[in-house]
Amino acid sequence: MHRTIEPAIHYWGTPVVLISSLNEDGSANLAPMSSAWWLGWSCMLGLDASSQTLLNLQRQRECVLNLASAANAEAVNRLALCTGTPQLPPHKQWLGYRHVADKFGEAGLSAQPSEQVAPPRVRECQVQLEAQVVDIRPFGTQDPRLPIASCMVELRLLRAHVDETILQPGPQSERIAPAKWLPLLMKFRGLYSGEREALPSRLAQGPEERYAPWKQRPAS
Ligand SMILES: Cc1cc2nc3c(=O)[nH]c(=O)nc-3n(C[C@H](O)[C@H](O)[C@H](O)COP(=O)(O)O)c2cc1C
C-alpha cells in the first residue's frame, strides 16, 4: 500500500560534498552541501542563491569538491548552520545560522594546495575534485514549494585526486573500488554511511517543516 504524502523536503540520499571556494579577500571558504550529481566529467550543484559559496563561484569560477566519508561526519556537523556571509539573510537567521569566517579552522580540517585551481583541497577527504564553473542559472523558479532563491551550477572537473586506499589493486589502477568507498550521504537531513547513521546531524535540529513554509497553515 502506498500513501500519498507531501514531505517538507525531498532529500532522498545524495553524497555530502565539502566545497571549497575563494572569498573576495583571497581566504578560503568551505561549505557542506549535498545537492550534487555527475555525468562524465561534468557536475551539477544546487545552491542557495544567498550562500557565500555561490557568490564566490560567480566571481572566481573555481572550486574543489571534497567528497565526505563517515570519517568526515564530525567536521560536516561543525560546519552545519554556518555561513561565510557576514550579513545573514532572513531565512538563515530564522534557521539559527551564524557567520564563521574561518571554516577550515571551525571544522578542524587542513587546507592542501590544489594543482589547477586557486581554492585549496581538504586534505582529510579521500576524494578531491578540482573544478571550474561552466554555467550558473536560476533553479526552481516555477516551484511554489521551493521557499528560497536557488541556482544550479554546472561544473567541469579538471583533476581528480583519490586516496589510494579506495582504489582497486594495481600500481597504475585508475578505478575506484566501490566496496571501499563509503560516501557520507545526507538522507532527509540525517548523515548516513551505509545503512547506519554516521552521527546525529546538527542540520536536523528543529522541525523539518521549517523548510516548507507552504505547509504552515494559518491558525483557525
Ligand atoms: C549535510 C548538509 C548538506 C547541505 N546541502 C546543501 C545543498 O545541497 N545546497 C545548499 O545550498 N545548501 C546546503 N546546505 C546548507 C549550506 O551548508 C548553507 O547554505 C551554508 O550557508 C553554505 O555556506 P556558505 O554560505 O559559507 O557558502 C547543506 C548543509 C549541510 C550540513
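Since this is a predicted model, take the numbers as computed values, not measurements. (Residues numbered from 1 in each chain as written. Predicted model: local features only at pLDDT ≥ 70, side-chain atom pairs only at ≥ 80, totals over all residues. Heavy atoms only, no water.)

Q: Can you walk me through the sheet that holds strand β3 (residues 28-33) in this structure?
A: Hydrogen bonds along the backbone pair up the strands of a sheet, which may run parallel or antiparallel. Here seven strands make up an open sheet; going across it, the order is β3-β2-β6-β11-β12-β5-β4 and the pairing antiparallel. Strands at the two margins of the open sheet, each flanked by one partner only, are β3 and β4 (36-39). Mean inter-strand twist for the sheet, computed between neighbouring axes without regard to direction, equals 30 degrees. As paired elements, strand β5 (residues 42-48) and strand β12 (residues 150-162) share seven bridges and run antiparallel to each other. Within β12, the position partnered with S42 by the bridge is R156. Running over the sheet, helix α1 (residues 52-60) touches β2 (17-22), β3, β5, β6 (62-67), β11 (127-139) and β12 and is turned about 50 degrees from β2. (Pairing = 2+ DSSP bridges. Helix = DSSP H or I, 4+ residues; strand = E, 2+ residues; numbered from the N terminus. Axes fitted to C-alpha atoms, helices over the stretch in contact; angles between N-to-C directions. Contact = heavy atoms within 4.5 Å.)

Q: Even after reading the chapter, I still don't get the side chain of N72, so can you show me in this structure?
A: Its location among the elements puts N72 in the loop between β6 and α2 (73-79). Once residues lying within four places of it in the same chain are set aside, the contact partners of N72 are L67, E124 and C125.

Q: Help me out: how do you make sense of unusual backbone geometry in this one?
A: Peptide bonds are, in most cases, trans, and in most cases residues other than glycine have a negative phi. Here R61, not a glycine, exhibits a phi torsion of approximately 60 degrees, which is positive. When you line up the elements, R61 lands in the loop between α1 and β6.

Q: How should I be thinking about the pattern of salt bridges in this particular structure?
A: Opposite charge on two side chains permits pairing when their charged atoms draw close. Throughout the structure, instances matching the rule amount to six salt bridges. For E6, the salt bridge goes to R145, with nearest N and O atoms at 2.9 Å. Note that E6 is positioned in the segment before β1 (14-15) and R145 in the loop between β11 and β12, a separation of 139 residues in sequence. Overall, the relative accessible area of 44% leaves R145 in the partly exposed class. Taking the shortest distance from any N to any O, the salt bridge between D48 and K92 comes out at 3.4 Å. With a gap of 44 residues between them, D48 in strand β5 and K92 in helix α3 (residues 90-95) connect regions that are remote in the sequence. Each member of the pair, D48 together with K92, is buried. (Salt bridge = Lys/Arg side-chain N within 4 Å of Asp/Glu carboxyl O. Buried < 20%, exposed > 50% of the residue type's maximum accessible area, 1.4 Å probe, protein only.)

Q: What is the right way to read the packing of aromatic side chains from this model?
A: Geometrically, a pair of aromatic rings is defined through the distance of the ring centres and the angle of the planes. Applying the stated criterion across every chain, the model contains one aromatic pair. For the pair W12 and F188, a centre-to-centre distance of 4.9 Å together with 90 degrees between the ring planes defines the contact as edge-to-face. With a gap of 176 residues between them, W12 in the segment before β1 and F188 in the loop between β13 (185-187) and β14 (190-193) connect regions that are remote in the sequence. In this structure W12 comes out as exposed when scored by relative accessible area, which is 58%. (Phe/Tyr/Trp six-rings, centres within 6.5 Å; stacked < 30°, edge-to-face > 60°.)

Q: Help me understand the UniProt feature "domain: Flavin reductase like" (unreviewed entry) in the chain, please; the structure alone is not making it clear to me.
A: Under the UniProt annotation, the feature "domain: Flavin reductase like" (unreviewed entry) is placed at residues 13-183. Summarising residues 13-183: 16% helix, 38% strand, and an end-to-end C-alpha distance of 11 Å. (UniProt positions renumbered as here; feature names shortened; annotations may be inferred.)

Q: Where do I start with the sheet that holds β1 in this structure?
A: Ordered by their spatial adjacency, four strands build an open sheet running β1-β13-β14-β15, and the pairing between neighbours is antiparallel. Only two strands of the sheet have a single neighbouring strand rather than two, namely β1 and β15 (196-199). In this structure, β1 lies alongside β13, joined through two bridges in antiparallel fashion. Across the sheet, the residue bridging to T14 is M186, located in β13.

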